[in-house]
Amino acid sequence: MTTLNSKIPEGPLAEKWSKYKSTMKLVNPANKKKLEIILVGSGLAGSAAASTLGELGYNVKVFCFQDTPRRAHSVAAQGGINATKNYKSDGDSDYRLFYDMIKGGDYRAREANVYRAAEVSSATIDQLTAQGVPFAREYGGTLDNRSFGGVQVSRTFYAKGQTGQQCLLGAYSGLSRQIKKGTVTMYSRREMLELVVIDGKARGIITRNLVTGELERHAGHAVILATGGYGTIYYLSTLAVNSNASAAWAAYKKGAFFGNPSFIQIHPSSVPVLNEYQAKLTLMSESLRNDGRVWVPKKKEDKRRANEIPEEERDYYLERKYPAYGNLVPRDVGSRAAKERCDAGYGVGDTGLAVNLDFKDAIAKQGKEAIEDKYGNLFEMYEKITGINPYEDPMRIYPAGHYTMGGLWVDYELMTTIPGLFAIGESNFSDHGANRLGASSLMQCAGDGYFVIPNTIGNFMSGEIRTPKISTDIPEFEKAEKDVTGKIEKLLAVNGKQTVTSFHKRLGKIMWDYSGMSRNEEGLKKALKLIDDLEEEFWKDVKVPGTNDEINQELEKAGRVADYFGLAKLIVTDGLNRGESCGAHFREESQTETGEAKRDDANYSYVSVWEYKGDEQEPKLRKEDLNYEFVEVKERDYK
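Since we're looking at a predicted model, the values are computed, not measured.

A. Layout of unusual backbone geometry. The phi dihedral of Tyr 107 falls on the positive side, at around 60°, and the residue is not glycine. Note on placement: Tyr 107 falls in the loop between α4 (94–104) and α5 (111–119). We note that Glu 301 has phi near 50°; this positive angle belongs to a residue other than glycine. Mapping Glu 301 onto the fold places it in the loop between β13 (293–297) and β14 (314–315). Residue classification places Glu 301 among the exposed residues on the basis of a relative accessible area of 61%.

This is the structure:
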C-alpha cells in the first residue's frame with residue numbers, strides 16, 4: 001500500500017505556510033491572461049476562488065447547476081464562521097483553533113493543512129467584513145462572537161442564523177464584479193458529467209445544459225472542483241435535495257483518489273422526521289446549544305407535554321455525562337448521546353426519536369428579546385415547519401446526515417492525484433479528520449477560496465504558460481462526450497416501473513441503518529449485498545420519463561443516484577476496512593466501557609485513500625500516514 005506524498009514544507013508548523021508562499025513559483029500578470037481555469041461549483045469556496053483568481057488576472061469559467069450562484073448550498077449554513085481574532089481575550093489563538101480541530105477530528109486530520117486553515121481564518125473574516133457581510137456586533141461596534149461545540153472559547157462570528165447566506169452574498173458580490181470586468185464567465189444551469197484528462201492532466205469537462213439538454217465541451221489549463229459534499233446519499237439529510245457527488249465521482253473514476261469516504265458527520269440538531277413523504281430534513285443550528293439545554297424525561301416513554309414535566313424529572317444528559325463541555329460537546333458525541341437515550345426508550349414526541357432543546361432558562365435570564373436577536377429566524381423557521389413555538393415549548397431535535405469529512409484526496413496544494421485537478425472546500429477531505437467542528441465549514445471554504453488556492457495553483461500554472469489554448473476538437477473530448485451520451489441513453493432505455501426517488505430513498509435507508517451513526521462488521525457486509533441488489537434492480541426497473549433534449553429533472557436525479565450506488569459501496573468498504581472507532585465513524589466493536597469511541601492508533605493512524613480500479617474490481621487502498629509532530633495524541637475527553 002503506497003504512502004502518498006503531500007508536498008508539505010519542512011520546518012515548524014507555524015512557518016510552513018509562510019515558507020511555502022515565499023518559495024512557490026509565480027505567474028506574471030501577462031502570462032495569467034493567457035491561462036484558463038475551469039471552476040465547478042459556485043458556493044462560498046467556488047465564488048471566493050473564482051473572484052480572487054479573476055482579480056489576479058486568470059480567465060475563469062464558473063459552472064453551477066442552479067440558476068444563480070446565490071442558490072448554492074452554502075446559504076444553508078446557519079450558526080457561524082470561526083476565526084482566531086481573540087476579541088473576547090479568552091485565550092484563543094491560531095494554535096488553539098488548530099488543536100481544537102485536530103482533537104475534534106479525533107486525530108485523523110493532516111496537521112499542516114489544519115494549521116493553515118486556522119492561520120488564514122482571521123484574514124477571511126476581514127475579507128468578508130470588507131465585502132459587507134453584516135456580522136453581529138457588540139454595543140461598541142466591534143464584531144461579536146459566540147461559542148460552538150467542542151471548544152471552550154468564543155471564536156464564532158455570526159449573522160443571526162443566516163451566516164452562510166450572508167457570507168455567500170459577500171463572495172457573490174466579488175464574483176459579480178469579476179463577471180462585469182470580463183475575467184470570469186458564468187455558466188449557470190450546467191451540470192458537470194465528465195472530466196477530460198489529456199496526457200495525464202485535467203484539461204476540461206463535459207457539461208449538460210439543464211434547460212436544453214445539450215452536451216457542451218469546455219477546456220482549460222486546470223480544473224477546480226468546489227462541488228460540496230455527498231450527505232444526500234442518506235436521502236434524508238440537511239443538504240439541499242440537488243446536492244450530489246457526481247462531479248467528484250467522475251473525477252474518482254478518471255484517477256483522482258478518494259480520501260476517508262466513510263467519515264460522514266451526523267448533525268445532532270435536525271428537525272426530526274415528521275412523515276414518510278419528506279425529501280429532506282432541516283437543520284437547527286448548533287449555535288442554539290449556546291443557550292438551549294438538551295434533555296429527556298427521566299421516566300421511559302413519558303408522553304406528557306414537555307412543560308408539564310417538573311425540573312426534578314428531567315435528565316439533562318449532556319450536562320450530566322460531559323460536565324466540562326455540557327451542551328457544547330462535539331457533534332459526533334452529541335449525536336450518539338441522543339441516539340442512546342432514544343434507543344433506551346427516553347425519546348420524546350410521537351415517534352420517540354427526538355430529544356428536547358429547551359430555551360426556558362435562557363429566556364428567563366436574558367429576556368425573549370435577547371434570544372430573538374440571536375436566533376429569531378431559526379425560531380421562525382422551526383415554528384413554520386412543526387407548528388411549535390420554541391419561545392413557549394422546547395424544540396424537538398434528532399440527529400441527521402449532514403457534512404462529509406471525506407472527499408477527494410488532495411495534497412498540501414489542494415491538488416488531487418490528477419495533475420491540474422484541484423478540489424476545495426467540502427469536496428476535499430483535508431481539514432476535518434473524522435469529525436468537523438461546528439463553524440469550521442464556512443471557515444475552510446472561504447479560506448480555501450480566498451487565500452489558499454490562489455497561491456497554490458501557481459505552482460502548477462507556472463508550468464503551463466507555454467501551453468496553447470486547449471482545443472475541444474480532439475479525441476479525448478470526443479470520447480468523454482460519447483461516454484456521457486452512452487450513460488444518458490442507458491438510463492432512458494431502461495423504461496421500468498419504479499421512480500428514481502424510490503431507489504434513492506431505499507438506498508438512503510440502507511446507508512442510515514448500516515453505515516449511519518453506528519456501524520458493525522456484520523451490518524456493513526450486509527449493506528454491501530443490499531446495495532448490489534438494489535443497483536441491479538435499478539438498472540432493470542427504473543423509470544426515467546421524458547427525453548434528453550429538454551428540461552428533465554428525473555434524468556438529472558437518475559444520473560446522480562446511479563453514481564451514488566458506487567459511492568455507497570466505497571463508503572461501506574472504507575468503513576469495513578477501518579476496524580476502529582474514531583469521531584463520527586463509530587464501530588460498535590471498538591468502544592470504551594462508557595460507550596465512547598475507541599481509537600486504535602497503532603493500526604489506523606492514517607488517511608484511507610482509495611484508487612478506482614474498475615466497476616467490477618475492488619478499489620485499491622493506499623495510505624497516508626498521520627505522524628503528529630506538534631500535538632500529543634491522546635483519548636478525546638469532554639468530561
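B. Up close: the pattern of salt bridges. Taken as a whole, this structure holds 57 salt bridges when the rule is applied. Measuring nitrogen to oxygen at the nearest pair gives 2.6 Å for the salt bridge that ties Glu 313 to Arg 304. Owing to a relative accessible area of 31%, Glu 313 belongs among the partly exposed residues under this scheme. With a closest N to O distance of 2.9 Å, Asp 513 and Lys 509 form a salt bridge. Residue Asp 513 and its partner Lys 509 are both found in helix α15 (residues 500–515); the two are separated by 4 residues, about one turn of the helix. Asp 513 gets classed as partly exposed once you look at its relative accessible area, which sits at 38%. It is possible to trace a salt-bridge network through shared partners that takes in Asp 106, Arg 108, Asp 332, Arg 336, Arg 578, Glu 580, Arg 599, Asp 601 and Arg 636.

C. Representation of the sheet that holds β13 in the model. Within the open sheet, the 5 strands sit side by side as β12-β16-β15-β13-β14. Their pairing is antiparallel. Taken across any chain shown, the strands that pair with only one partner, and hence form the sheet edges, are β12 (264–270) and β14. In this sheet, strand β16 (residues 395–404) lies alongside strand β15 (residues 355–358) in antiparallel orientation, the contact comprising 3 bridges. Paired with Leu 357 across the strands is Met 395, a residue of β16.

D. Local environment of the pairing of β12. Along β12, 7 of the 7 residues are buried, which leaves the element largely enclosed by surrounding structure. Summarising the sheet, β12 and β16 pair through 4 bridges and their orientation is antiparallel. Bridge pairing links Ser 270 to Tyr 398 in β16.

E. Layout of the sheet that holds strand β8 (residues 201–209). Strands sit in the order β7-β8-β9 across an open sheet of 3 strands; the sheet is antiparallel. Because the sheet does not close on itself, it has two edges, and the strands there are β7 (190–198) and β9 (215–219). For this sheet, the mean angle separating the axes of adjacent strands, direction not counted, is 25°. Of the strand pairs in this sheet, β8 and β9 are connected by 5 bridges, and their pairing is antiparallel. Note on β9: the bridge partner recorded for Ile 206 is Arg 217. Here helix α14 (residues 475–494) sits on the sheet in contact with β7, β8 and β9, set at roughly 140° to β7.

F. Region of the structure containing the packing of helix α16 (residues 521–541) against helix α17 (residues 553–577). Packing of α16 against α17 brings their axes to within 9 Å, and their N-to-C directions diverge by 160°. Relative to α17, α16 is oriented roughly antiparallel. At the point where α16 passes α17, the crossing takes the left-handed sense. Each of Glu 521, Leu 524, Lys 525, Ala 527, Leu 528, Ile 531, Asp 532, Leu 534, Glu 535, Phe 538 and Trp 539 in α16 lies in contact with α17, whose residues at this interface are Ala 558, Val 561, Ala 562, Phe 565, Ala 568, Lys 569, Val 572, Thr 573, Gly 575 and Leu 576. Classifying every residue of the contact of α16 with α17 by side-chain character gives 14 nonpolar, 2 polar and 5 charged.

G. Up close: the packing of aromatic side chains. One pass over the structure, following the stated rule, counts 28 aromatic pairs. Seen from their ring centres, Phe 422 and Phe 460 are 6.2 Å apart, and the 75° between their planes marks the pair as edge-to-face. With a gap of 38 residues between them, Phe 422 in strand β18 (residues 421–423) and Phe 460 in helix α13 (residues 440–461) connect regions that are remote in the sequence. Each member of the pair Phe 422 and Phe 460 is classed as buried. Taking NZ or CZ as reference, Arg 293 lies 3.8 Å from the ring centre of Tyr 316, over its face. Across the ring face of Trp 539, the terminal group of Lys 490 is positioned such that the distance to the ring centre comes to 4.3 Å.

H. Molecular detail of the nonpolar core. Ile 457 and Leu 567 are the most contacted members of the largest nonpolar core, which totals 167 residues. The leading source of residues in this core is α17, at 11 residues. If near-sequence neighbours (up to four positions away) are discounted, Ile 457 is found in contact with Ile 37, Leu 53, Tyr 58, Ala 222, Ile 224 and Phe 422. If you look at the next biggest cluster of nonpolar residues, it comprises 6 residues, including Phe 263, Tyr 403, Ala 434 and Ala 584.

I. Seen up close, the side chain of Asn 435. With respect to the helices and strands, Asn 435 occurs in the loop between β18 and α13. A polar atom in the side chain of Asn 435 sits 2.9 Å from the side chain of Gln 265. Discounting chain neighbours no more than four positions away, the residues touching Asn 435 are Gly 104, Gly 105, Gln 265, Pro 330, Arg 331, Asp 332, Met 405, Gly 583, Ala 584 and Arg 636.

J. Structural context of the environment of Gly 80. Relative to the elements of secondary structure, Gly 80 occurs in the loop between β2 (59–63) and β3 (81–82). C-alpha separation for the pair Gly 80 and Arg 519, spaced 439 residues apart in sequence, amounts to 30 Å. For Gly 80, the residues in contact, after removing those within four places along its chain, are Phe 148, Thr 156, Phe 157, Tyr 158, Thr 163, Ala 439 and Leu 442.

K. Molecular detail of α15. Given a rise of 1.5 Å per residue, 16 residues ought to cover 22 Å, and the 22 Å separating the end C-alpha atoms of α15 matches this to within 8%. Buried residues along α15 sit in contact with α16 and α17.

L. Focus on α16. For α16, with 21 residues, the first-to-last C-alpha span of 30 Å sits near the 30 Å given by 1.5 Å per residue. If you check which residues of α16 are buried, you get Gly 523, Leu 524, Ala 527, Ile 531, Leu 534, Glu 535 and Phe 538. An end-on view of α16 places all buried positions within 110° of arc, on one side of the element. For α16, the exposed residues set more than 90 degrees away from the buried face come down to Glu 522 and Lys 540. Its side-chain oxygen 3.3 Å from the backbone nitrogen of Glu 522, Asn 520 forms the N-cap of α16.

Here is what the cut-offs are and how they apply
- Each chain has its residues counted from 1, running along the sequence as written.
- In keeping with the model being predicted, local features are shown solely for residues with a pLDDT of at least 70 and side-chain atom pairs are shown and tallied solely at 80 or more, while totals for entire chains, interfaces and linings include all residues.
- No hydrogens and no water enter the side-chain calculation; it runs on all heavy atoms of the structure.
- Note on conventions: DSSP H or I runs of at least 4 residues are helices, E runs of at least 2 residues are strands, and numbering of each starts at the N terminus.
- When a residue's accessible area, from a 1.4 Å probe over protein chains only, is under 20% of the maximum for its type it is buried; when over 50% it is exposed; and in between it is partly exposed.
- One side-chain nitrogen of Lys or Arg within 4 Å of one carboxyl oxygen of Asp or Glu is enough to make a salt bridge.
- At least two bridges found by DSSP between two strands are what make those strands a pair.
- Axes here refer to lines fitted to C-alpha atoms; in helices the fit is confined to the stretch in contact. Angles between the N-to-C directions go from 0 to 180 degrees.
- In this description, contact between two residues means that some pair of their heavy atoms is separated by no more than 4.5 Å.
- Comment on the angle field: the value is read as roughly parallel under 35 degrees, roughly antiparallel over 145, roughly perpendicular from 65 to 115, and oblique elsewhere.
- Crossings are assigned a handedness: left-handed for a near helix turned anticlockwise from the far helix by less than a right angle, right-handed for a clockwise turn.
- Three residue categories are used. Nonpolar comprises Ala, Val, Leu, Ile, Met, Phe, Trp, Tyr, Cys and Pro, charged comprises Asp, Glu, Lys and Arg, and polar comprises the others, including Gly.
- Only Phe, Tyr and Trp rings are paired, with Trp represented by its six-membered ring, and only when their centres lie within 6.5 Å; those with planes under 30 degrees apart are stacked, over 60 edge-to-face, the remainder tilted.
- Whether a charge sits over a ring comes down to the Lys NZ or Arg CZ being within 6 Å of the ring centre and within 35 degrees of the ring normal.
- Only buried residues count toward a nonpolar core, which is a set of Ala, Val, Leu, Ile, Met, Phe, Trp, Tyr and Cys residues joined through side-chain atoms within 4.5 Å.
- N or O atoms closer than or at 3.5 Å make up a polar contact, with two conditions inside protein: a donor-capable atom paired with an acceptor-capable one, and, for residues adjacent in sequence, both atoms drawn from side chains.
- Expected helix span is taken as 1.5 Å per residue step, with the number of steps being one fewer than the number of residues.
- The directions from the helix axis to the C-beta atoms are what the arc is built from.

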